[in-house]
Amino acid sequence: AGIGKCVALELARRNARTILACRSRERGQAAVDEIRAATGNAAVVLRLLDTSSLASVRAFARAVLREETRLDVLVNNAGVTGLPFTITPEGLEQTFVTNYLGPFLLTNLLLG
């Protein structure tokens with residue numbers, strides 16, 4: 001939703017292979033279907049990613065590196081605010097890992 005969906009839509013309009021990295025399979029697939037229909041670009045795909053989980057970030061990065069021949073643009077757009085103080089199963093504060101550590105790790109894992 002929001003800025004991330006708009007960016008994905010514009011990339012797909014420019015005929016880019018576009019990976020939507022989403023926490024929710026249902027919402028993500030709905031966005032993929034909508035973007036494909038609006039652009040005619042069949043190369044819009046969904047991959048699950050939860051930046052509040054470093055294990056999820058690592059799994060996503062491994063899959064991208066294994067499945068994709070190149071990565072030209074990475075848009076880190078995930079973010080949360082106003083959550084109650086919560087520690088993740090990995091022992092990290094949820095807002096900090098979601099907004100900073102997860103995207104930072106993802107960027108570094110995907111660098112060539």
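The text that follows walks through the structure, step by step, so that each part is easy to find.

Parameters at a glance
Residues numbered from 1 in each chain as written. Predicted model: local features only at pLDDT ≥ 70, side-chain atom pairs only at ≥ 80, totals over all residues. Heavy atoms only, no water. Helix = DSSP H or I, 4+ residues; strand = E, 2+ residues; numbered from the N terminus. Rg over C-alpha atoms; globule rule 2.2 N^0.38 Å. Buried < 20%, exposed > 50% of the residue type's maximum accessible area, 1.4 Å probe, protein only. Areas by Shrake-Rupley, 256 points an atom, 1.4 Å probe, with all protein chains shown as cover. Phe/Tyr/Trp six-rings, centres within 6.5 Å; stacked < 30°, edge-to-face > 60°. Pairing = 2+ DSSP bridges. Right-handed = clockwise from strand over helix to strand, strands pointing away. Axes fitted to C-alpha atoms, helices over the stretch in contact; angles between N-to-C directions. Left-handed = near helix turned anticlockwise from the far one by under 90°. Contact = heavy atoms within 4.5 Å. Nonpolar A, V, L, I, M, F, W, Y, C, P; charged D, E, K, R; others polar. Core = buried A, V, L, I, M, F, W, Y, C linked by side-chain atoms within 4.5 Å.

## Structural notes on the overall build of the protein
Right, so step 1: Helix and strand content of the protein: four helices and two strands.
Right, so step 2: Of the regular secondary structure in the protein, the N- to C-terminal order runs α-β-α-β-α-α.
Right, so step 3: A compact globule built from 112 residues would reach a C-alpha radius of gyration of about 13 Å, and the protein, at 14 Å, matches this within 12%.
Right, so step 4: With the C-alpha coordinates of the protein rotated into their principal frame, the extents come out at 45 × 30 × 20 Å.
Right, so step 5: Every one of the 112 residues in the protein was classed for burial, and the buried ones make up 29%.
Right, so step 6: Surface summary for the protein: the accessible area is close to 7,100 Å², and the carbon and sulfur share equals 56%.

## Some thoughts on the packing of aromatic side chains
Right, so step 1: All told, the structure shown has two aromatic pairs when counted by the stated rule.
Right, so step 2: Centroid distance Phe96 to Tyr100: 5.4 Å. Interplanar angle 20 degrees. Geometry classified as stacked. On the criterion of helical spacing, the pair formed by Phe96 and Tyr100 is a turn pair, its members being four residues apart in helix α4 (residues 94–110).
Right, so step 3: According to the relative accessible area criterion, Phe96 is partly exposed, its value standing at 44%.
Right, so step 4: Where Tyr100 meets Phe104, the ring centres are 5.8 Å apart and the plane angle is 20 degrees; that geometry is what we call stacked. Here Phe104 and Tyr100 lie together in helix α4, a separation of four residues that amounts to about one turn.
Right, so step 5: Among the aromatic residues, those joined into a ring-pair cluster are Phe96, Tyr100 and Phe104.

## Description of the pairing of strand β2 (residues 44–48)
Side-chain positions along a regular strand alternate between the two faces of the sheet.
Right, so step 1: Note that strand β1 (residues 18–22) and β2 share five bridges and pair parallel. Residue Ile19 lies in a different strand from β2, and its bridge partner there is Val45.
Right, so step 2: Where the polypeptide runs from β1 across helix α2 (residues 25–39) and back to β2, its parallel neighbour, the crossover connection is right-handed.

## Observations regarding the packing of helix α1 (residues 2–13) against α2
Right, so step 1: In the contact formed by α1 and α2, the axes pass within 9 Å of each other and the chain directions differ by 35 degrees. Judged by the sense of rotation from one axis to the other, the crossing of α1 with α2 is right-handed. Where α1 approaches α2, its residues Lys5, Ala8, Leu9, Ala12 and Arg13 are matched on the opposing element by Glu34, Ile35, Ala38 and Thr39.
Right, so step 2: In terms of residue class, the contact of α1 with α2 is built from five nonpolar, one polar and three charged.

## Structural notes on the nonpolar core
Right, so step 1: Of all hydrophobic cores here, the largest spans ten residues; its members are Leu49, Leu54, Val57, Phe60, Ala61, Val64, Val97, Leu105, Leu106 and Leu110.
Right, so step 2: When residues of this core are traced back to their parent elements, those giving at least two are α3 (54–67) and α4.
Right, so step 3: The leading source of residues in this core is α3, at five residues.
Right, so step 4: Residues Ala8, Ala12, Val32 and Ile35 belong to the second largest nonpolar core, which totals nine residues.

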